[in-house]
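Below, each chain spelled out in residue letters.
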Amino acid sequence: MRRNQQPLGYGVLKNQIAPVFRGQKIVYMIKNIYPISNTKLKMLVVFDDGRTIAVVKSALKEYNVKEGDNLSFEKVSEIAGEGEAHEAFLKAADALGRSPKSEKEIRTALKDKGYSKAAADVAVEKLTGYGYLSDEDYAKTYIEHYSKKWGRKKLVYELVQTKGLPSDVASEIVYGALSDEDELRLALELAGKFLKKKDGKDNLKQKCLAFLASRGIDFQTALKATETLIKEEDDYA
C-alpha cells in the first residue's frame, strides 16, 4: 500500500467519512433509502457522505440497489437517469395506446406524474422515432373529429392553445385539410340549425354572425352563409 493511499474499506479519520477507492473512482456506502413524501414514483438514496439522489423505484429494483451497497454517486446518477427515462417511455406509450395525444399532452402528463424534463425528452424522442408520436398525425385525427362543428379558425386555436402545436404547423394542416368550400358548407349547416331555433327576426343577422364567429367561422364566410339563409327565408315568407 502506498504511504498516503487510504485503505480499502470504511472508517472515521479526523471526523471524516473514509471513502472506498476503486481504480480512479471513489465510492461511498448507501446509508439509507427513504420514500419521498410528495411522490410515489421515487425513493431518496442517501450516501454516507451526505449526498442524496432521487431514483425511481423500478430502477432500484432492476439494478438491485440497496442500503449498505458501495457505489459511486456517478453510477447511481446514471441508474437514476436511465431508469426514469425508461419508465417515462413506458408510461407515455401506455397513454398513447389508450388515445391519441399531442407532444404537449404527453409532456404535461409525464410532468404531472413526477417525471423530469430530461426523462420526458428521452421518452418523446423515442416515441417520435418509432412513429407513435406525431403532432401532424394527431392534428389530422383531431380535424376529422371536430371539423363538423368547428370552423378552421377555432380548430387552429385549439390545436395551438390546448394541444401545444406550433401555430404555423397547425394552420398549414388545418387549411390544407379544409377548403373554402368545406368552410362554407359547415357555415350553412350551423347557421341553418341556429336560425331554426330563433322565432323573432330582431337582430337576427347579427346574432347568427356572432354564433358562427363563436364556432370559428371566418367573417366573410359567416356573412355569406347568413345572408344566403335569411334571403331564402324571406323568399319563402
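Before reading further, recall that the structure is shown in the block above.
Residues numbered from 1 in each chain as written. Predicted model: local features only at pLDDT ≥ 70, side-chain atom pairs only at ≥ 80, totals over all residues. Heavy atoms only, no water.

### Brief notes about a negative patch on the surface
Residues E136, D137, D168 and E172 make up a contiguous surface patch of negative charge. Elements supplying a minimum of two residues to the negative patch: helix 5 (135-146) and helix 7 (167-177). By the element assignment, E172 lies in helix 7. Under the relative-accessibility criterion, E172 is labelled exposed at 63%. (Patch = residues over 30% accessible without salt bridge, like charges linked within 9 Å, V, L, I, M, F, W, Y side chains within 5 Å. Areas by Shrake-Rupley, 256 points an atom, 1.4 Å probe, with all protein chains shown as cover. Salt bridge = Lys/Arg side-chain N within 4 Å of Asp/Glu carboxyl O. Lys, Arg positive; Asp, Glu negative; His and termini not counted. Charge placed at Lys NZ, Arg CZ, Asp CG, Glu CD. Helix = DSSP H or I, 4+ residues; strand = E, 2+ residues; numbered from the N terminus. Buried < 20%, exposed > 50% of the residue type's maximum accessible area, 1.4 Å probe, protein only.)

### Comments concerning the side chain of E183
Looking at where E183 falls in the secondary structure, it is placed in helix 8 (residues 180-196). If near-sequence neighbours (up to four positions away) are discounted, E183 is found in contact with G151, R152, G216, I217, D218 and T221. (Contact = heavy atoms within 4.5 Å.)

### Details of the pattern of salt bridges
Here the structure, examined in full by the defined rule, presents 15 salt bridges. A salt bridge links K42 to E84, with the shortest nitrogen-to-oxygen separation between them at 3.2 Å. Of this pair, K42 sits in strand 5 (residues 42-47) while E84 sits in helix 2 (residues 73-98), and the two are 42 residues apart along the sequence. The same class applies to K42 and to E84, which are both buried. Between R185 and D182 there is a salt bridge, with the nearest N and O atoms lying 2.8 Å from each other. Of this pair, R185 and D182 both sit in helix 8, 3 residues apart, which is roughly one turn of that helix. With a relative accessible area of 26%, D182 lands in the partly exposed category. The network of salt bridges with common partners includes E103, R107, K117 and D121.

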